[in-house]
Amino acid sequence: MSRSILVINGPNLNQLGQREPHIYGHTTLDEIKAATMARGKALGLDVDFRQSNSEAEIIGWIQAARGKTDGLIINGAGLTHTSVAIMDALLAVDQPVIEVHLSNLFRREEFRHHSFISRAATGMICGLGAQGYLIAVDAIAELISKAGKA
Ligand code: DQA
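### Comments concerning the overall build of the protein
Regarding its fold elements, the protein presents 5 helices and 5 strands. Moving toward the C terminus, one meets the helices and strands of the protein in the order β-α-α-β-α-β-α-β-β-α. By the compact-globule yardstick of 15 Å for 150 residues, the protein fits well, its C-alpha radius of gyration being 14 Å. Taking all 150 residues of the protein together, 47% fall into the buried category. Pairs at least 24 apart in sequence give 76% of the contacts found in the protein among residues at least 6 apart. Summing over all exposed atoms, the protein offers an accessible surface of approximately 7,500 Å²; the carbon and sulfur share of this is 51%. Charge centroids of the protein, computed over 14 positive and 15 negative side chains, lie 4 Å from each other.

### Digging into the pattern of salt bridges
Under the defined criterion, the tally for this structure stands at 5 salt bridges. Between Arg39 and Asp138 there is a salt bridge whose closest N-O contact spans 2.7 Å. On the criterion of sequence distance, the pair formed by Arg39 in helix α2 (residues 29-42) and Asp138 in helix α5 (residues 131-149) is long-range, its members being 99 residues apart. Under the relative-accessibility criterion, Arg39 is labelled partly exposed at 29%. Classification of Asp138 by relative accessible area gives partly exposed; the value is 33%. A salt bridge links Asp48 to Arg50; the nearest nitrogen and oxygen atoms lie 2.6 Å apart. With a relative accessible area of 27%, Arg50 lands in the partly exposed category. Among the charged side chains, a network of salt bridges with common partners joins Arg108, Glu109 and Arg112.

### Concerning the nonpolar core
Within the largest apolar cluster, 22 residues are counted, with the highest numbers of intra-cluster contacts made by Ile5, Ile73 and Tyr133. Every element with two or more residues in this core is listed here: β1 (3-9), α2, β2 (45-51), β4 (97-101) and α5. Among the elements that make up this core, the one with the highest residue count is α5 (6 residues).

### A short note on the site of the ligand
Neighbouring residues of the ligand: Arg19, Tyr24, Asn75, Ala77, Gly78, His81, His101, Leu102, Ser103, Leu105, Arg108 and Arg112. Measuring from an oxygen atom of the ligand, one finds a backbone N or O atom of Gly78 at 3.2 Å. Burial of the ligand by the protein amounts to 98% of the accessible area it has alone, namely 320 Å². The residue inventory of the shell around the ligand, partitioned by class, reads 4 nonpolar, 5 polar and 3 charged.

Calculation rules
Residues numbered from 1 in each chain as written. Predicted model: local features only at pLDDT ≥ 70, side-chain atom pairs only at ≥ 80, totals over all residues. Heavy atoms only, no water. Helix = DSSP H or I, 4+ residues; strand = E, 2+ residues; numbered from the N terminus. Rg over C-alpha atoms; globule rule 2.2 N^0.38 Å. Buried < 20%, exposed > 50% of the residue type's maximum accessible area, 1.4 Å probe, protein only. Contact = heavy atoms within 4.5 Å. Areas by Shrake-Rupley, 256 points an atom, 1.4 Å probe, with all protein chains shown as cover. Lys, Arg positive; Asp, Glu negative; His and termini not counted. Charge placed at Lys NZ, Arg CZ, Asp CG, Glu CD. Salt bridge = Lys/Arg side-chain N within 4 Å of Asp/Glu carboxyl O. Core = buried A, V, L, I, M, F, W, Y, C linked by side-chain atoms within 4.5 Å. Near = heavy atom within 4 Å. Polar contact = N/O pair within 3.5 Å; in protein donor to acceptor, adjacent residues only side chain to side chain. Nonpolar A, V, L, I, M, F, W, Y, C, P; charged D, E, K, R; others polar.

Structure, rendered in structure tokens:
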């Protein structure tokens, strides 16, 4: 049976490649999307990869994913540190959630050390750049396969 995951990217991640490359690297979101989809395909996962600058749109995607996808990967970007509403939406889904950040939040400003999303995530990967997305796909494939065997 084919499994599907949703990968959600928050505000300003559409500007990856040009945006503060000393922090976020030179890889564009399209390149991350291609690599993430390829890794998913290799593991038998259909990957729906999206980006939005709108908190409301992201909440709508999370709500719609309930019962429809097998796992969620999210880089909430700036909303990570502010959005109780995204945390609440994630707490209501019934599938594994992996949080990803390109940069190491704990080496940066104090306000980035707190993540509302982490309270709703099975695990979190940060500081490994674009590779973090691939590690997240590996992790979620494992979690989905374990849940299927339970
Ligand atoms: C980010 C880290 C956030 O603090 C920041 O607001 C982002 C990107 C990351 O991937 O490192 O937009 O989520």
